[in-house]
Amino acid sequence: MNALEYLKKYTTVALDSGNFLEVAKLHPNDVTTNPSLILKATKDKECLAFIDGVISTYKAYTTSEIINQILVHLGNEILKYIPGTVSIELNADYAFNVEESMEQIAEVLMLCNSFNIQDRVLIKVPATWEGIQVLRLARKKNVRCNMTLVFSLAQAVLCGESKAYLISPFVGRVSDMYTSLTSNCKKQNESLDVGVQFLEQVYQYFKHNNYNTKLMAASFRSIEQALSVTGCDYVTLSPDIFLDLKNTHRLLPTSVLSVSHIRKQPIDLKPIWSQEFFYRALKQNVNAYKNLINGVYTFRKATQELTQYIEKRVCVEC
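Note that this is a predicted model, so its numbers are computed, not measured. (Residues numbered from 1 in each chain as written. Predicted model: local features only at pLDDT ≥ 70, side-chain atom pairs only at ≥ 80, totals over all residues. Heavy atoms only, no water.)

**Quick word on the sheet that holds strand β1 (residues 12-16)**
Put simply, the test is: The pairing criterion for strands is at least two bridges between them, as found by DSSP. Strands here mean DSSP runs of E at least two residues long; helices mean DSSP runs of H or I at least four residues long; both are numbered from the N terminus. To get an axis, a line is fitted to the C-alpha atoms, and for a helix only the part in contact is used. The angle between two axes follows their N-to-C directions and goes from 0 to 180 degrees. Should any heavy atoms of two residues lie within 4.5 Å, those residues are counted as being in contact.
Strand order around the closed barrel formed by eight strands is β1-β2-β3-β4-β5-β6-β7-β8, with parallel pairing between neighbours. Strand after strand, the sheet turns through a mean of 30° between neighbouring axes, direction not considered. Where strand β6 (residues 166-169) meets strand β7 (residues 214-217), two bridges bridge the pair, whose relative direction is parallel. Looking across to β7, one finds that Leu166 is bridged to Lys214. With respect to the sheet, helix α5 (residues 63-79) is in contact with β2 (30-32), β3 (86-89) and β4 (121-126), its orientation differing from that of β3 by roughly 170°.

And the structure:
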C-alpha cells in the first residue's frame, strides 16, 4: 500500500488541476480548478488546443463571458474522467460584491445546464463577508458552494451556520505565515504545525455541532502535512504532492482524525453576523485577515493574467 492508497482509505481525494489529461492520468475523485491552473494547463499542447478552441468559438463575446465559457467547457471535459464533482471558481474581482457574484453564478449555471452537469459542479466562493452572503443566496437556488480561502474559525463557523456544502481551510498557507513569524518556535518543536491544528479545530467544532458542511483541507506543502489530516472529509492536492504520495511506499507515522470527547465551546455568533463586526473580529486574527486579503489579491492577479491571455488570442484570431 502506498501513502496515497492509505489516505484514500479514510479521505476523499481531489486534485487541484485545470488539465483534463492530468486528471485522466491521476484518477482523483474530485477536481478543483481556478484561473492559474487553467493557464498552467495551456503548457500542454492538447489542453492549449482545447482552450484556444473555446476562445475561437466565442471570440465575439466579452472577455468575462469567454472566461465563463472556458470554465464550464473545461469543467465538462474534466467530469468525463472523474466520478465526483468539479469546483469552478468565481471571478475574484467580485469577492466583495454580492450582486456581481450572483450574476456570474447565474451565467455559469446556465452554461452548466446546457451540458447537463449542474448537479456535479460546485461554485468556489471566497469566504469574505460578502461571499458568505452569496452562499446564503445561492443555497436558495439549490446551488452548492465550495467556500474557499478559509483561515479562521469565525469564517468556518459562519459558513457552517449558512449551510455551505463544503469549505476549504487552507492548511499550508496558515502554516506558512505562522512559520515565517515564529521560526524559533518552529525549530524548538518540529512537530508543531499550526495549519494542521487549525484544520483539526474546525473539524472538531463541525462534528460536535452536527454541521452537514464537508471539510476539504487544501494548500499542502508536503506529503507529511497531507497525511496529518487523514480522516478529513476531503483533501485537495497539487499534482506534485499527489504523485509524491503515490510514489511513497513507507507509511508515515500518522493518526486518523476522529471526534474528540472534549467539546469546544460554541462561538457567540451575534457579533459575526454583522458585516462590520465580522471584519473587526477577523482583523483580530491578524494572520487570518492577511491571508484572506492576500488570497483574494492572488486570485485576482490570476484572473487578470487569464484575461490578458484571452485578449491576446482574440487579437490573433482577428
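**Quick notes on the pattern of salt bridges**
Counted only if it meets this: Any carboxyl oxygen of Asp or Glu that lies within 4 Å of a side-chain nitrogen of Lys or Arg is treated as forming a salt bridge with it. Burial status follows relative accessibility: with a 1.4 Å probe on protein chains alone, a residue under 20% of its type maximum counts as buried, one over 50% as exposed, and anything between as partly exposed.
Applying the stated criterion across every chain yields a total of seven salt bridges. Of the charged contacts, one joins Asp93 and Arg300 as a salt bridge, the two residues approaching to 3.7 Å between their closest N and O atoms. One end of the pair, Asp93, is in the loop between β3 and α6 (98-115); the other, Arg300, is in helix α15 (residues 286-317), with 207 residues separating them in the sequence. Asp93 sits in the partly exposed class, given a relative accessible area of 35%.

**Comments concerning helix α11 (residues 194-208)**
Put simply, the rule reads: Helix span, as expected, comes to 1.5 Å for every residue beyond the first. Polar contacts, as counted here, are pairs of nitrogen or oxygen atoms within 3.5 Å of one another; within protein the pair requires one atom able to donate a hydrogen and one able to accept it, and residues that are adjacent in sequence qualify only if both atoms are side-chain atoms.
Here α11 spans 21 Å end to end across 15 residues, near enough to the 21 Å set by a 1.5 Å rise per residue. Every buried residue of α11 is listed here: Gly195, Val196, Phe198, Leu199, Val202, Tyr203, Gln204, Tyr205, Phe206 and His208. The N-terminus of α11 is capped by Asp193, whose side-chain oxygen sits 3.0 Å from the backbone nitrogen of Gly195. Of the residues trailing α11, Asn210 is marked for its positive phi of about 60°.

**Points about the pairing of β6**
Counted only if it meets this: Classification remark: right-handed applies to a crossover when, strands pointing away from the viewer, the course from the first strand over the helix to the second runs clockwise.
Side chains Leu166 and Ser168 project from β6 onto one buried face, and the interleaved Ile167 and Pro169 project onto a second face that is buried too. Pairing analysis gives three bridges linking strand β5 (residues 145-150) to β6, with the strands arranged parallel. By the bridge assignment, Met147 is partnered in β6 with Ile167. After leaving β5, the chain enters helix α8 (residues 153-161) and then returns to the sheet as β6, a path that is right-handed.

**Here we look at the pairing of β7**
The pairing of β7 with strand β8 (residues 234-237) spans two bridges and is parallel. Bridge pairing in β8 places Ala217 opposite Val235.

**Observations concerning the environment of Val121**
With respect to the helices, strands and loops of the structure, Val121 is situated in strand β4. You can call Val121 buried: its relative accessible area is 3%. Note: C-alpha distance between Val121 and Val31 (90 residues apart in sequence) is 9.9 Å. Not counting the four nearest positions on each side in its chain, Val121 is found in contact with Leu79, Val86, Ile88, Cys112 and Arg144.

**Thoughts on the packing of helix α4 (residues 45-57) against α5**
For any two helices packed against each other, one specifies the crossing angle of their axes together with the interaxial distance. The condition that has to hold: Every angle not falling under 35 degrees, over 145, or within 65 to 115 is termed oblique; those three ranges are roughly parallel, roughly antiparallel and roughly perpendicular. The crossing is said to be left-handed when, going from far helix to near helix, the turn is anticlockwise and less than a right angle, and right-handed when the turn is clockwise. The nonpolar class holds Ala, Val, Leu, Ile, Met, Phe, Trp, Tyr, Cys and Pro. Asp, Glu, Lys and Arg form the charged class, and all remaining residues, Gly among them, are polar.
Packing of α4 against α5 leaves a shortest axis separation of 9 Å and a crossing angle of 140°. Taken together, the axis directions place α4 and α5 in an arrangement best described as oblique. With respect to the hand of their crossing, α4 and α5 are arranged in right-handed fashion. Of α5, the residues touching α4 (which contributes Phe50, Ile51, Val54 and Ile55) are Ile66, Gln69, Ile70, His73, Leu74 and Glu77. Here the contact of α4 with α5 is composed, by residue class, of seven nonpolar, two polar and one charged.

**Points about the nonpolar core**
Operational definition: Remark: nonpolar core denotes a set of buried residues (Ala, Val, Leu, Ile, Met, Phe, Trp, Tyr, Cys) joined through side-chain atoms within 4.5 Å.
Membership of the largest hydrophobic core comes to 99 residues, with the highest contact counts inside it found for Ile105, Met147, Ile167, Phe220, Leu237 and Leu245. When sequence neighbours within four positions are dropped, the list of residues in contact with Ile167 reads Asn146, Met147, Val150, Ala156, Cys159, Val202, Phe206, Thr213, Lys214, Leu215 and Met216. Judged by nonpolar contacts, the second largest core, of five residues, contains Leu122, Leu166, Met216 and Tyr234.

**Brief notes about empty space enclosed by the protein**
What counts, and what does not: Definitions used for this entry: grid spacing 1 Å over protein atoms alone; cavity, a set of points where a 1.4 Å probe fits but cannot get out; pocket, an open set with protein on both sides within 12 Å along at least 5 of 7 lines; lining residue, one with an atom within 4 Å of a point. Grid points are joined across faces, edges and corners, and a volume is the space filled by probe spheres set on the points.
Under the criterion given, the structure shown has one cavity of 30 Å³ or more. Within this model, the largest cavity holds a volume of roughly 40 Å³. Elements with a minimum of two residues in the lining of the largest cavity: β4 and α7 (129-140). When residues in the lining of the largest cavity are grouped by element, the largest group, three residues, is from α7. Tallied by class, the residues present in the lining of the largest cavity amount to six nonpolar, four polar and one charged.

**Structural notes on the packing of α7 against helix α14 (residues 275-284)**
Their axes nearest at 10 Å, the elements α7 and α14 cross at an angle of 130°. Taken together, the axes of α7 and α14 lie oblique to each other. Here Trp129, Glu130 and Ile132 of α7 lie close against α14, whose contacting residues are Gln275, Phe278 and Tyr279. Grouping the constituent residues of the contact of α7 with α14 by class yields four nonpolar, one polar and one charged.

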